[in-house]
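What follows is the residue order along each chain.
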Amino acid sequence: MAFTDKIVIAHRGACGYLPEHTLAGYAMAYALGADYIEPDLVSTRDGELICCHDIHLDRTTDVAMRYPGRARADGRWYAADFTLSEIKTLLARERVDQYGTRVFPGRFDANAHGFTVPTFGELLDLIAALNRQSGRGVGVYPETKSPEFHSAEGLALEPALLALLAEYGYTGRDAPVFIQSFSPTNLRVMRQEMSSELRMIQLIGDTEIEAAWITPAGLDAIATYADGIGPDKALIAASDGAVVRAAHERGLLVHPYTFRADELGEGYAELAAELSAYYFDYGVDGLFTDFCDIAVQVLRPNPALAFNRPAKAG
């Protein structure tokens, strides 16, 4: 696969089918044909990078049951307060909200056992082994979660991330990796202060503050330290693709998020139609999806790769 090809990014693994950020989910995403596997990274108290979408553990694990007295004053259990050995005792599960209700009720059984929280190193080992076995070149697309929080805790993510990537051979412009962050400071530190040549993507949310980032001046600034943008898909739809065109004019890639069969964008009856519109009508270079098999089918139709997916959640 050439870097100029449009890509499928497996958001939190194959989390439309298996619990997010689990080795089983990552392996399934690989098998379904994803080009890049996306882990979110947070740090443990002893400085180990784990794959977890939140700096908290209570929405996706059984930490509250296993360590009932370890919440902070805000009632949340922080990964930064636990060692890796403690986190390895936890069971990972489908995401729940603050009331304990499943966020995506039509997905995998929330009470299923056997899923644990992986380290970033374990994911890199998995990808390396699968690439050797299959002859493919699937990459990794890590997101640094709340880097300012981690720095304040004395657990800076940047040196740990770059050191681990280098250990596994991810160095230079041609390495099959993108580093993404909502924090411009985080990306600037790695690119400008730590001299990393790895490709970096500035994530952009649909907020009033971040609206300035997709203006001509904002995109010009991003182009000084990043290789692309990862905007909320709503920003692309609202601009009728103008955001994509403006980014491309500055040599920036565009990888929007997040595409879900059970949470479709307005005006779409099925995920394949939404994906097709973003890939081909808006012209994005890749996208994040919980259902990577459908995106693979849109880009590279092959009936043998189809997967029987669940009906859309009500």
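Our structure's up above, just so we're on the same page.
Here the structure is a predicted model, which means the values were calculated and not measured.

Novice: Please explain the pairing of strand β9 (residues 228-231) as it appears in this structure.
Specialist: The two faces of a sheet get side chains in turn, since along a regular strand they alternate between them. What you see with β9 is no split at all: Gly228 and Gly230 on one side and Ile229 and Pro231 on the other are buried throughout. Examined bridge by bridge, strand β8 (residues 199-204) and β9 share four bridges and lie parallel to one another. The residue of β9 that forms the bridge with Leu203 is Gly230. With two bridges connecting them, β9 and strand β10 (residues 253-254) associate as parallel partners. From the neighbouring strand, Ile229 faces β10, where its bridge partner is Val254.

Novice: What is the right way to read the sheet that holds strand β11 (residues 286-289) from this model?
Specialist: Two orientations exist for strands paired in a sheet by backbone hydrogen bonds: parallel and antiparallel. Spatial ordering of the open sheet is given by β5-β2-β1-β11, a layout of four strands whose pairing is parallel. Unpaired on one side and paired on the other, β5 (139-140) and β11 mark the two borders of the sheet. Here strand β1 (residues 7-11) runs beside strand β2 (residues 36-38); their pairing, made up of three bridges, is parallel. Bridging across to β2, Ile9 finds its partner in Tyr36.

Novice: Explain the pairing of β8 to me, please; I cannot follow it from the model alone.
Specialist: Among the six residues of β8, six are classified as buried, and the element is accordingly described as predominantly covered. Pairing analysis gives four bridges linking strand β7 (residues 178-181) to β8, with the strands arranged parallel. For Gln180, the partnering residue across the bridge sits in β8 and is Ile201. Since β7 and β8 lie parallel, the crossover through helix α7 (residues 184-193) that links them has a hand, and here it is right-handed. At this point the chain moves from β8, through helix α8 (residues 216-222), to the parallel β9, and the crossover so formed is right-handed.

Novice: Would you take a moment to explain the pattern of salt bridges for this structure?
Specialist: Oppositely charged side chains can pair when the atoms bearing their charge come close. On inspection of all chains with the given rule, the structure shows 21 salt bridges. Arg107 is the salt-bridge partner of Asp262, the closest N and O atoms lying 2.8 Å from each other. Taken together, the residues span a long stretch of sequence, with Asp262 in the loop between β10 and α11 (271-281) and Arg107 in the loop between α3 (84-87) and α4 (120-134) at a distance of 155 residues. The burial state of Asp262 is the same as that of Arg107; both residues are buried. One network of salt bridges, in which partners are shared, links Arg107, Arg260, Asp262, Glu263 and Asp290.

How each quantity is defined
- Residues numbered from 1 in each chain as written.
- Predicted model: local features only at pLDDT ≥ 70, side-chain atom pairs only at ≥ 80, totals over all residues.
- Heavy atoms only, no water.
- Buried < 20%, exposed > 50% of the residue type's maximum accessible area, 1.4 Å probe, protein only.
- Helix = DSSP H or I, 4+ residues; strand = E, 2+ residues; numbered from the N terminus.
- Pairing = 2+ DSSP bridges.
- Right-handed = clockwise from strand over helix to strand, strands pointing away.
- Salt bridge = Lys/Arg side-chain N within 4 Å of Asp/Glu carboxyl O.

Structural measurements only, silent on function.
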